[in-house]
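# A closer look at the structure
What follows is each chain in one-letter form.
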Amino acid sequence: QVQLVETGGGLVQAGDSLGLSCAASGRTVSTYGMGWFRQAPGKEREFVAQIMWIGGSTYYANSVKGRFTISRDNAKNTVYLQMNSLKPEDTAVYYCAAQTRPRATPIQVMDAALYGYWGQGTQVTVSS
């Protein structure tokens, strides 16, 4: 079992920055990496970013590339999502997830089916 706890959500204005954290506990050695997903009201959950525990390679959704940065602290089993130049369309509940299945190609990390554990989510609201 892996437990995930997200923190750092809130209400900001367009153009502001906000940082999210996800602390993992339990059998984290069984995971390959960590991902961030988000779900806006009335929309399907979508991939945001992913990072591997070993090597630190990253992958981003096109919608956030250049604005968001995912990073990790292996010693703390914590993953971060730094969000800059926020837009109203970034408003959503943000979830971190532990990748429990390997990926054959980098783009596969966008598939939620690779993630076996999910946090409770944290609300990010960007006002215009």
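Attention here is on the structure that accompanies the text. (Residues numbered from 1 in each chain as written. Predicted model: local features only at pLDDT ≥ 70, side-chain atom pairs only at ≥ 80, totals over all residues. Heavy atoms only, no water.)

### What to know about the state of the cysteines
Worth spelling out the cut-off: When the sulfur atoms of two cysteines come within 2.5 Å, that pair is taken as a disulfide. Each helix corresponds to a stretch of at least 4 residues labelled H or I by DSSP, and each strand to a stretch of at least 2 residues labelled E; elements are numbered beginning at the N terminus. Think of it in three bands: with a 1.4 Å probe and only protein chains considered, a residue is buried below 20% of the maximum accessible area for its type, exposed above 50%, and partly exposed in between.
Tallying each qualifying case throughout the model produces 1 disulfide. A disulfide bridge connects C22 with C96, and the sulfur atoms are separated by 2.0 Å. Linking C22 and C96, the disulfide has an S-S dihedral of approximately 50 degrees and is accordingly described as right-handed. Note that C22 is positioned in strand 3 (residues 18–26) and C96 in strand 9 (residues 92–99), a separation of 74 residues in sequence. Here C96 falls in the buried class, since its relative accessible area comes to 1%.

### Regarding the pattern of salt bridges
Put simply, the test is: Salt bridge criterion: a side-chain nitrogen from Lys or Arg within 4 Å of a carboxyl oxygen from Asp or Glu.
A complete count under the given rule lists 3 salt bridges for this structure. The partner of E46 in a salt bridge is R38, and the shortest N-O contact between them spans 2.5 Å. Owing to a relative accessible area of 34%, E46 belongs among the partly exposed residues under this scheme. Owing to a relative accessible area of 5%, R38 belongs among the buried residues under this scheme. In this structure, R38 engages D90 in a salt bridge whose closest nitrogen and oxygen atoms are separated by 2.9 Å. Of this pair, R38 sits in strand 4 (residues 33–39) while D90 sits in the loop between strand 8 (78–83) and strand 9, placing them 52 residues apart in sequence.

### Let's talk about the nonpolar core
Defined as follows: As used here, the term nonpolar core means buried Ala, Val, Leu, Ile, Met, Phe, Trp, Tyr and Cys residues forming a set that is joined through side-chain atoms within 4.5 Å.
Membership of the largest hydrophobic core comes to 35 residues, with the highest contact counts inside it found for W36, L81, M83 and Y94. Put simply, the parts of the chain that give this core at least two residues each are strand 1 (2–7), strand 3, strand 4, strand 5 (46–52), strand 7 (68–73), strand 8, strand 9 and strand 11 (122–127). The biggest single contributor to this core is strand 9, with 5 residues.

### A look at the environment of S21
Going by this rule: Contacts are assigned to residue pairs with any non-hydrogen atoms lying within 4.5 Å of each other.
On the secondary structure map, S21 appears in strand 3. By relative accessible area, S21 is classed as partly exposed at 22%. Residues S21 and S127 lie 106 residues apart in sequence; the distance between their C-alpha atoms is 21 Å. Discounting residues that sit within four places of it in the chain, S21 has contacts with V5, E6, T7, W36, T78, V79 and Y80.

### Comments concerning the sheet that holds strand 3
Just so we agree on the cut-off: Pairing between strands is defined by DSSP: at least two bridges between them are needed. Every angle, taken between N-to-C directions, lies between 0 and 180 degrees, and every axis is a line fitted to C-alpha atoms, over only the stretch in contact when it is a helix.
Spatial ordering of the open sheet is given by 1-3-8-7, a layout of 4 strands whose pairing is antiparallel. A strand with exactly one partner marks an edge of an open sheet, and here the two such strands are strand 1 and strand 7. On average, each strand axis in the sheet is inclined to that of its neighbour by 15 degrees, with strand direction left out of account. Bridging between strand 7 and strand 8 involves 6 bridges; their strand directions are antiparallel. Paired with D73 across the two strands is T78, which belongs to strand 8.

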